[in-house]
Amino acid sequence: EDPSLERHFKGHRDAVTSVDFSLNKKQLASGSMDSCLMIWSMRPQMRAYRFVGHKDAVMCVQFSPSGHLVASGSRDKTVRLWVPSVKGESTVFKAHTGTVRSVHFSSDGQSLVTASDDKTVKVWTVHRQKFLFSLSQHINWVRCARFSPDGRLIVSASDDKTVKLWDKTSRECIHSFCEHGGFVNHVDFHPSGTCIAAAGTDNTVKVWDVRMNRLLQHYQGNAVVNSLSFHPSGNYLVTASNDSTLKILDLLEGRLLYTLHGHQGPATCVAFSRAGDLFASGGSDEQVMVWKTNFDAADYGDVLKTQKSGASVDGTHHPLVEMDCGVHLKKTKTQDSGRSQEQQEEETSLANTLEHIMGQLDVLTQTVSILEQRLTLTEDKLKECLENQQKIIQNK
C-alpha cells in the first residue's frame, strides 16, 4: 500500500516552518511564520491550541522525549519552552543574537541544542534552563543542529556549506563535511547514530558515515530540499522540497520509493512519528498534513526489535550490518491452508535455516563491534606511546 493522506490541519495564517509528533502520537506541534505555535490533537473533534508569545516568526518546534514540553525557536532571537496544555505557559531562553532556526532535545530530555543566524550552536540544560556553552566555528548562519541518539555528538548544518560534527564533552569540532554545493538546510542522525543525512539548496540529500567520515549515499533531486526525517527503523528517509513534493527514499536499496504531492507551493518541513506509522508535513500553503506511512510492518518490525534488544557488546549499534539482514525477509501471510505436508515441512526447515543465519549474523555483528572496540583501544594506546615519546624527546 502506498502512503496516504490521513488528516489535514488548517489554522496557521502563514507558511508552516516546522512539525513534530509527541511520543504517544496524540498531539502534533507546528510552528509558523505567523509567530504562533499550534498543538493539534490527533483525536477527532478535539480542539487545537494556539500558543502566542513569540514576537516574530516561529522557525522550529520540537516535543521533549516525554512529551511534557515543547521547545520553539523564533526570529525574535529567543527560545521558549511550553507546557502543551490549555494554559500554554512558557519560559524564555535568551542568549542568541540572531534568529533561532533549530531546537532539539537530547534523547534523555536533559539538554537542548539550538542553532542560530548568529553563527553559533548553543547547548542548554532543560530543567535549570541554564545556558551551558557555545560552539562557534561556522562562518555563516546555522540552520540546524541535532544531538546523536546517545547524546555524545552534535551535528550542525550551515549556510557556510559545511556540516560539522562536534564532541559534546570536549566541545571540539571533530570533522567538517564540505561536499555540499550549496547551503545546508537540514541535518539529522540515523537512529543508530552511525550516519547522518543532510539536505541542501544544491537539490541533494547526502548520507555520511560518521565513524569513517565517508559519503555513503547521494540522492540528486530537482529542487531545493528543505527538510528530512529518518524512519525509526533507519530503513527509510522522507524529504520535503521546494517543488511541493515529499519523497520517501529506501536507504537499503538506495532508491526513491514514493513521490507525494499534497502541498501547493514549497513543502517546508517533514517528520516521522516516533513509531514510524505516520509522518507529518508542512508547507508555504499554511497547511499541516498527516500521512499514513503504510509500509509493510514486516519490512521493519524485526529491525526495530533488533535495534531495541540487539545493542551489541559495546553498547553501540551497527545498523548497516544489522539492517542488511532480516529486512528483506517479508512475512508471507499463509492464506492457503490446504497446502501439502511436504510444503509446510520445507517452509519450516527454511524458516529454521534463516533463523540460524540471522543468529550467525548477530554473532558477526557483535564480533565486529568487539574488534572495533579493541581497535579504538589500540589506537588510544598508540597515541599515548607517541605522546610519551614526544615528551622524552623534548626533555632530552
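Residues numbered from 1 in each chain as written. Predicted model: local features only at pLDDT ≥ 70, side-chain atom pairs only at ≥ 80, totals over all residues. Heavy atoms only, no water.

An unreviewed UniProt entry annotates the protein chain as POC1 centriolar protein homolog A originating from Charadrius vociferus. In its Function (unreviewed entry) section, the UniProt entry covering the protein chain states "May play an important role in centriole assembly and/or stability and ciliogenesis." The record in UniProt for the protein chain states the following under Sequence similarities (unreviewed entry): "Belongs to the WD repeat POC1 family." (UniProt positions renumbered as here; feature names shortened; annotations may be inferred.)

Asks: Hey, could you run me through the environment of Val83 in this one?
Replies: Of note, Val83 is situated in the loop between β8 (78-82) and β9 (90-94). When the C-alpha atoms of Val83 and Phe51 are compared, they prove to be 10.0 Å apart, with 32 residues separating the residues in sequence. Here Val83 is in contact with Phe51, His68, Leu69, Gly88 and Glu89, once residues within four sequence places are set aside. (Helix = DSSP H or I, 4+ residues; strand = E, 2+ residues; numbered from the N terminus. Contact = heavy atoms within 4.5 Å.)

Asks: What is the right way to read unusual backbone geometry from this model?
Replies: Only a minority of non-glycine residues have a phi that is not negative, and only a minority of peptide bonds are not trans. For Lys25, which is not glycine, the phi torsion reads 65 degrees and is therefore positive. Note on placement: Lys25 falls in the loop between β2 (16-21) and β3 (27-32). At Asn213, a position not held by glycine, the phi torsion is positive, near 55 degrees. Looking at the secondary structure, you find Asn213 in the loop between β20 (204-209) and β21 (214-220). In this structure Asn213 comes out as partly exposed when scored by relative accessible area, which is 26%. (Buried < 20%, exposed > 50% of the residue type's maximum accessible area, 1.4 Å probe, protein only.)

Asks: Explanation requested: a nonpolar patch on the surface in the structure shown.
Replies: Residues Leu350, Leu354 and Ile357 make up a contiguous nonpolar surface patch of about 250 Å² in total accessible area. Along the chain, Leu354 falls in helix α3 (residues 341-395). Judged by relative accessible area, which is 32%, Leu354 ranks as partly exposed. (Patch = residues over 30% accessible without salt bridge, like charges linked within 9 Å, V, L, I, M, F, W, Y side chains within 5 Å. Areas by Shrake-Rupley, 256 points an atom, 1.4 Å probe, with all protein chains shown as cover. Salt bridge = Lys/Arg side-chain N within 4 Å of Asp/Glu carboxyl O.)

Asks: I keep staring at the sheet that holds strand β7 (residues 70-74) and nothing clicks. Help me out?
Replies: In a beta sheet, neighbouring strands pair by backbone hydrogen bonds and run either parallel or antiparallel. Strand order in the open sheet made by the 4 strands is β6-β7-β8-β9, with antiparallel pairing throughout. This sheet does not close on itself; its edge strands, each paired only once, are β6 (58-63) and β9. Strand-to-strand, the axes of this sheet are offset by a mean angle of 20 degrees, without reference to chain direction. Pairing between β6 and β7: 5 bridges, direction antiparallel. Looking at the pairing, Gln62 lines up with Ala71 of β7. (Pairing = 2+ DSSP bridges. Axes fitted to C-alpha atoms, helices over the stretch in contact; angles between N-to-C directions.)

Asks: Would you explain the packing of aromatic side chains in this entry?
Replies: Summed over the entire model, instances satisfying the criterion amount to 9 aromatic pairs. Relative to Phe295, the ring of Tyr236 has its centre 4.0 Å away and its plane inclined at 25 degrees; by these criteria the two rings are stacked. Here Phe295 lies in the loop between β28 (287-292) and α1 (297-309) and Tyr236 lies in strand β23 (residues 236-241), a separation of 59 residues in the sequence. Its relative accessible area of 11% is what places Phe295 among the buried residues. Members of the aromatic cluster, joined through ring pairs, are Tyr49, Phe51 and Trp82. (Phe/Tyr/Trp six-rings, centres within 6.5 Å; stacked < 30°, edge-to-face > 60°.)

Asks: Would you explain the state of the cysteines in this entry?
Replies: Structurally, a disulfide amounts to a covalent bond that connects the sulfur atoms of two cysteines. As enumerated under the stated definition, the model contains 0 disulfides in all. We note that Cys144 lacks a disulfide partner, and the nearest cysteine sulfur, in Cys60, lies 9.0 Å from it. This cysteine, Cys173, is not joined by any disulfide, and Cys178 carries the nearest cysteine sulfur, 9.0 Å off. (Disulfide = S-S within 2.5 Å.)

Asks: I would appreciate a short explanation of the side chain of Ser30 in the present structure.
Replies: Secondary-structure assignment places Ser30 in strand β3. Its relative accessible area of 0% is what places Ser30 among the buried residues. Polar side-chain contacts of Ser30 include one of 2.8 Å to the side chain of Trp40. (Polar contact = N/O pair within 3.5 Å; in protein donor to acceptor, adjacent residues only side chain to side chain.)

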